[in-house]
Amino acid sequence: MALFRRRRSAESDSAVAVGEFWSHWADLRDELAASVDADMPVPEETAQRLTERVRRIHQSLTWEVAPAPSPTPHDLDELGLSLDDEARDILARMEDPEGDPGSFRAGEGPRYALTLSAGPDDAARVLAERWRRAAPEEAGWRFFPAHPADHDKLGKPVTWDGHELDLGHASVALRVDQKIGRIEAGVYHPDFMFLPEETRTAVAEHVVLLSLGEDDYVRWIGSVAALVEKPLDPLPPTSIPSVVEQLSGALGSGGWVTLQGRVPLRGAIQIAVRHPLHRRDFPAFTLYVQVTVAYASADGEKLPTGASATALEDFALGLRDLLGDNGALLAQQTVGGQRQFHFYLDPESGVLPELERSVREWPEGRTQVHSALDPDWETIEQITKPVRRQLGQ
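Residues numbered from 1 in each chain as written. Predicted model: local features only at pLDDT ≥ 70, side-chain atom pairs only at ≥ 80, totals over all residues. Heavy atoms only, no water.

**Quick notes on the pairing of strand β3 (residues 141–144)**
- Neither face of β3 is open: one carries W141 and F143, the other R142 and F144, and all of them are buried.
- One ladder, built from four bridges, connects strand β2 (residues 112–117) with β3; its direction is parallel. For A113, the partnering residue across the bridge sits in β3 and is R142. (Buried < 20%, exposed > 50% of the residue type's maximum accessible area, 1.4 Å probe, protein only. Helix = DSSP H or I, 4+ residues; strand = E, 2+ residues; numbered from the N terminus. Pairing = 2+ DSSP bridges.)

Below, the structure is given as structure tokens:
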């Protein structure tokens, strides 16, 4: 009899639940497709079985089955291409789809979509991403770990709590708070004055969700209010993504912010972080990895110079290429003749040993790799805190 038993982690339990979901997928698939084809609700027994299997993955997850959004030339997933492919290859695949099952062709593509939604729960969003990554190649289906934007539905009627509203009559008023990087959205519909407050609020949130998609909703929307009076300067709901793009550009989205200071006896310190950085940017990355390397050439402030500065940049690029879609560099810190790289990885990708081998090949000095599960991103929150404080966030 074992006196001590190793407790199963939440991560291992969820992995089992995800595996069980896909092992039983064939039992649900045909009935879900039939409900979409008939434009009817999923049969109660089937819906109950699906709900049980989804909630075994995470209690906060909900599901929706619907017609799949039509693929577009910009949908790289449908094309089977990555962001690093040459533009000419993308265009060639679009123009000559014959013989390539992953190619784009107007009017063709998966007919059905199954979406899991975590809402604002980041822990549930992590598991929805794992569910999507484990999905089989399934002809006719697309699997989404969050509700995608769907501007087509913004021009169609929706029935909510027994009330039918034409969303084509909706408009929005937006207020941008650049200091905190959030948008306050007001949604107006002429029928709101006849609806109870709870229904108005739910429809208003639905309009913003259709405009942005679930992840961008969580990233950028601070609040949503239902308006019973038309705004003075109304905008169409489809304009919200443009406002988000302007806000993210003003905040330096996709770029890096660098701060520099001094540490007694150690010289200058530089901290560079991705900014803005949202947990939703990399939902599957729950393994924190700190890589520390010493460098040979430094100036009087102990910062890298010459060949060492170039080697460090090449080293970082090489590690990022190695990780691909399985990890990301979120911050780096340089002080006292050492540089620390702060990565987050998908722990189920198996890429960590390859990263460790590559780090050992660094030629200029001692190296160290430390890793720990950090699904809540507590470590990167602490690392980026000085930058956010400097930016007034």
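On we go from here.
**Things to note about unusual backbone geometry**
- Going from H275 to P276, the amide bond is cis rather than trans, its omega being -10°.
- Within the fold, P276 resides in the loop between β10 (267–275) and β11 (287–294).
- One non-glycine residue with positive phi stands out, namely D161, at about 50°.
- Relative to the helices and strands, D161 resides in the loop between β4 (157–160) and β5 (163–166).
- Of note in this structure, K302 is not a glycine but carries a positive phi near 65°.
- Residue position: K302 is located in the loop between β11 and α10 (306–323).

**Here we look at the nonpolar core**
- Within the largest apolar cluster, 26 residues are counted, with the highest numbers of intra-cluster contacts made by F21, L114, W131 and W141.
- When contributions to this core are tallied by element, the ones reaching two or more residues are α1 (10–23), α2 (25–37), α3 (44–57), β2, α6 (122–133) and β3.
- Per-element tally for this core: the top contributor is α2, with five residues.
- Beyond its immediate stretch of four places on either side in the chain, L114 contacts F21, W25, L50, W63, E64, V65, W131, W141, R142, F143 and F144.
- In terms of nonpolar packing, the next biggest core, distinct from the first, is built from 24 residues, L154, L165, A185 and F192 among them. (Core = buried A, V, L, I, M, F, W, Y, C linked by side-chain atoms within 4.5 Å. Contact = heavy atoms within 4.5 Å.)

**A word on the sheet that holds strand β7 (residues 182–188)**
- Strand order in the open sheet formed by three strands is β6-β7-β8, with mixed pairing between adjacent strands. Strands at the two margins of the open sheet, each flanked by one partner only, are β6 (171–177) and β8 (221–227). Strand-to-strand twist in this sheet, taken as the mean axis angle between neighbours without regard to direction, amounts to 15°.
- Pairing of β6 with β7, which is carried by seven bridges, proceeds in the antiparallel orientation. Residue pairing for β7: D177 is matched across the bridge by R182.
- Along the sheet face, helix α7 (residues 197–212) touches β7 and β8 and points at about 130° away from the line of β8. (Axes fitted to C-alpha atoms, helices over the stretch in contact; angles between N-to-C directions.)

**Here's the deal with α10**
- Here α10 contains 18 residues, and its C-alpha end-to-end distance of 27 Å stays within 8% of the 26 Å for a straight helix at 1.5 Å per residue.
- Where α10 is concerned, the buried positions are S308, L312, F315, A316, L319 and L323. Along the long axis of α10, the arc covered by the buried residues comes to 95°, so they all point the same way. Along α10, exposed side chains directed more than 90 degrees from the buried face belong to G306, A307 and D321.
- Against the buried residues of α10 lie β11, β12 (327–335), β13 (338–345) and α11 (352–360). (Expected span 1.5 Å × (residues − 1). Arc of directions from axis to C-beta.)

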